[in-house]
Amino acid sequence: MVVCICNRINDRDIRNAIHEGASSFSDVRETLGVGSCCGQCAPFAKELVDDTISQLQISQNYNLAYEAKV
Ligand code: FES
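As the structure is a prediction and not an experimental result, all values here were calculated from the model.

Participant: What is the right way to look at helix H3 (residues 42–69) in this model?
Facilitator: Since there are 3.6 residues in each turn of an α-helix, residues three or four apart along the chain are aligned in direction. If you check H3, its first and last C-alpha atoms are 41 Å apart, about what 28 residues at 1.5 Å a residue would give, namely 40 Å. Along H3, the residues classified as buried are Ala42, Ala45, Leu48, Val49, Thr52 and Ile53. Close packing links the buried residues of H3 with strand E1 (2–4), helix H1 (11–19) and helix H2 (25–32).

Take a look at the structure:
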């Protein structure tokens, strides 16, 4: 799904940026340029960044808990 029309950035680009180390909307904006033109996409892009970071943290916590049991 296209998130930022101005910079042709989709949701996969944003998720990949987070998995490669971006840890905030500011990081993603700096890396990809999302929200840096008209700004219309910024609220949704920020929500997507926050949701992806939360999911990644839950997954990491689950893996740590699993490893502690093994
Ligand atoms: S749609 Fe993202 S900056 Fe314009």
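Participant: Teacher, can you tell me more about the pattern of salt bridges here?
Facilitator: Opposite charge on two side chains makes pairing possible when the charged atoms of those side chains draw close. Evaluation of the coordinates by the stated rule reveals two salt bridges. The partner of Asp11 in a salt bridge is Arg15, and the shortest N-O contact between them spans 2.7 Å. Linking Asp11 with Arg15, this pair stays in helix H1, spanning four residues, or about one helical turn. A relative accessible area of 15% places Asp11 in the buried class. With a shortest N-O distance of 3.0 Å, Asp50 and Lys46 are connected by a salt bridge. With Asp50 and Lys46 both in helix H3 and four residues apart, this pair spans about one turn of that helix.

Reading the values: the criteria
- One numbering rule holds for all chains: residues counted from 1, following each sequence as written.
- Only residues with pLDDT of at least 70 get local features here, since the model is predicted, and only at 80 or more are side-chain atom pairs given and counted; chain-wide, interface and lining totals rely on the full set of residues.
- Each side-chain value is worked out from all heavy atoms of the structure, with water and hydrogens disregarded.
- In DSSP terms, a helix is any run of H or I states spanning at least four residues, a strand is any run of E spanning at least two, and both are numbered starting from the N terminus.
- Take the number of residues in a helix, subtract one, and multiply by 1.5 Å to get its expected span.
- Buried residues are those whose accessible area, probed at 1.4 Å on protein chains only, stays under 20% of the maximum for their type, while exposed residues exceed 50% and partly exposed ones sit between those limits.
- By definition, residues are in contact when any of their heavy atoms lie within 4.5 Å.
- Here, a salt bridge means any Lys or Arg side-chain nitrogen found within 4 Å of an Asp or Glu carboxyl oxygen.

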